[in-house]
Amino acid sequence: MTDILIYGDPHGRWEPLHAAIETRPRAVIVLGDLAEGRDPDGPPRARTAFDAVLATGLQLAFITGNHDAASDDLWSVIEDYDNHRIDGRVIEIDGLRIAGLGGVIRGRLWPGEGEPSYATVAEWIARTPRQERWRGGIPKSHRTSILPWTVESLRNEKADILVTHEAPLPHAHGFQFLNSLAADMGARAIVHGHHHQTYSDVTEDGIRVQGVGLARIWRLPDEFVGKVKSLRRLENEVEDEGLALNRFRRF
């Protein structure tokens, strides 16, 4: 079975992950907040952890958390491992489609519903005072904000699992838009960090919700992976039969 290890917000605590990768999982997904605030030792520890995962030959993926733009050194880690970052992307791990949405909601930009404060990124930058722009673009703090354009782009994709930093409902501090995003993508599970709480629940649409605690290990259950793969095969068979029927009708 696929062995995907998901690591809750490290905040500089990587020892459990170093121990876990000795069991040689198939892949490691990190839920953001790599270091604790402006801890100067945080960025090098994050680099050491990422390098250890890759050196073991495992597939690495991560999303950003709200603390990951706290310093230039920490953001440089995000940039240097950007090809493993899945914010706004869908990747495949051993037949499972996994979508990533890092960052948090910051209401002055977009509260998670309705129209954002700006229609486009270009408008946002143009209306931002030059001294507040970072590298000529959006403010640094918003490098870890959930952007409505990213959400809408993901909505057009398909995924089996949606990995987020923010929580969906029914978490007490969850957001409905994550539930609807997961449903539109056909996801059967949402796995999130941020609140440092390990728990399991189910959305009103029957989508599994899994929170992963601070520097905690959580593995996708074999039973869940098996069901997802079985449903994928069934959906593919139905789609293939539909295509064949359409070809027959055209003929």
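Residues numbered from 1 in each chain as written. Predicted model: local features only at pLDDT ≥ 70, side-chain atom pairs only at ≥ 80, totals over all residues. Heavy atoms only, no water.

Visitor: Help me out: how do you make sense of helix α3 (residues 72-80) in this one?
Guide: Given 3.6 residues per helical turn, the α-helix brings residues three or four places apart onto the same face. Among all positions of α3, only Leu74, Trp75, Ser76, Val77 and Ile78 are buried. The inward-facing, buried residues of α3 abut α2 (42-55) and β3 (59-62). (Buried < 20%, exposed > 50% of the residue type's maximum accessible area, 1.4 Å probe, protein only. Helix = DSSP H or I, 4+ residues; strand = E, 2+ residues; numbered from the N terminus. Contact = heavy atoms within 4.5 Å.)

Visitor: Sorry, what's going on with the environment of arginine 45 here?
Guide: In this fold, arginine 45 is placed in helix α2. Contact partners of arginine 45, with chain neighbours within four places excluded, come to Gly12, Trp14 and Asp39.

Visitor: Is there a simple way to explain the packing of aromatic side chains in this structure?
Guide: One pair of aromatic rings is described through two measures. These are the centre distance and the angle between the planes. The tally for this structure, following the rule as stated, stands at nine aromatic pairs. Taking the centre distance of 5.2 Å and the plane angle of 70 degrees together, the rings of phenylalanine 50 and tyrosine 81 count as edge-to-face. Residue phenylalanine 50 is found in helix α2, and its partner tyrosine 81 is found in the loop between α3 and β4 (90-93); the two are separated by 31 residues along the sequence. Both residues of the pair, phenylalanine 50 and tyrosine 81, belong to the buried class. Through pairs of rings, three or more aromatic residues link up here, namely Tyr7, Trp14, Phe50, Phe62 and Tyr81. (Phe/Tyr/Trp six-rings, centres within 6.5 Å; stacked < 30°, edge-to-face > 60°.)

Visitor: It is not clear to me how the sheet that holds strand β2 (residues 27-30) should be interpreted in this structure. Could you clarify?
Guide: Note on sheets: strands pair through backbone hydrogen bonds, and any given pair is parallel or antiparallel. Reading across the sheet, the four strands line up as β3-β2-β1-β10 and stay open at both edges, with mixed pairing between neighbours. In this open sheet, the two strands that pair with only one neighbour each are β3 and β10 (217-219). Sheet twist, expressed as the mean angle between neighbouring strand axes with direction ignored, is 20 degrees. As paired elements, strand β1 (residues 4-7) and β10 share three bridges and run antiparallel to each other. Bridge pairing links isoleucine 6 to tryptophan 218 in β10. Those strands touched by α2 are β2 and β3, and its axis lies near 145 degrees from that of β3. (Pairing = 2+ DSSP bridges. Axes fitted to C-alpha atoms, helices over the stretch in contact; angles between N-to-C directions.)

Visitor: I'm lost on the pattern of salt bridges in this one. Help?
Guide: In a structure, side chains of opposite charge can pair up when their charged atoms sit close to one another. Tallied over the entire structure, the rule returns 14 salt bridges. Arginine 219 is paired through a salt bridge with aspartate 3; the nearest N and O atoms lie 3.0 Å apart. Highlighted residues: arginine 219 in strand β10 and aspartate 3 in the segment before β1, separated in sequence by 216 residues. In this structure, arginine 47 and aspartate 80 form a salt bridge, with 2.8 Å as the shortest nitrogen-oxygen distance. (Salt bridge = Lys/Arg side-chain N within 4 Å of Asp/Glu carboxyl O.)

Visitor: Quick question: what am I supposed to make of the nonpolar core here?
Guide: Burial of nonpolar side chains together is a common tendency in soluble globular proteins. Membership of the largest hydrophobic core comes to 25 residues, with the highest contact counts inside it found for Trp14, Leu17, Val28, Val30, Leu34 and Phe50. Looking at this core, the elements with two or more residues in it are β1, α1 (15-20), β2, α2, β3 and α3. (Core = buried A, V, L, I, M, F, W, Y, C linked by side-chain atoms within 4.5 Å.)

Visitor: What is the right way to look at the packing of helix α5 (residues 148-155) against helix α6 (residues 176-185) in this model?
Guide: When two helices pack together, their arrangement is captured by the angle between the axes and the distance separating the axes. Closest axis-to-axis distance for the α5/α6 pair is 9 Å, and the angle between their directions is 25 degrees. One way to sum up the angle between α5 and α6 is to call them roughly parallel. For the pair α5 and α6, the contacting residues are Val151, Leu154 and Arg155 in the first and Phe177, Ser180, Leu181, Asp184 and Met185 in the second. Residues of the contact of α5 with α6, tallied by class, amount to five nonpolar, one polar and two charged. (Parallel < 35°, antiparallel > 145°, perpendicular 65-115°, else oblique. Nonpolar A, V, L, I, M, F, W, Y, C, P; charged D, E, K, R; others polar.)

Visitor: Help me understand the pairing of strand β7 (residues 189-192) in this model?
Guide: Put simply, side chains in a regular strand alternate between the two faces of the sheet. With burial as the criterion, each face of β7 is covered, one bearing Ala189 and Val191 and the other bearing Ile190 and His192. Direction of pairing for strand β6 (residues 161-164) relative to β7: parallel, over a ladder of four bridges. By the bridge assignment, threonine 164 is partnered in β7 with histidine 192. Chirality of the crossover, the property in question, places the unit of β6, α6 and β7 among those that are right-handed. Where β7 lies against strand β9 (residues 208-211), four bridges are found, and the strand directions are parallel. Bridge pairing in β9 links valine 191 to glutamine 210. (Right-handed = clockwise from strand over helix to strand, strands pointing away.)

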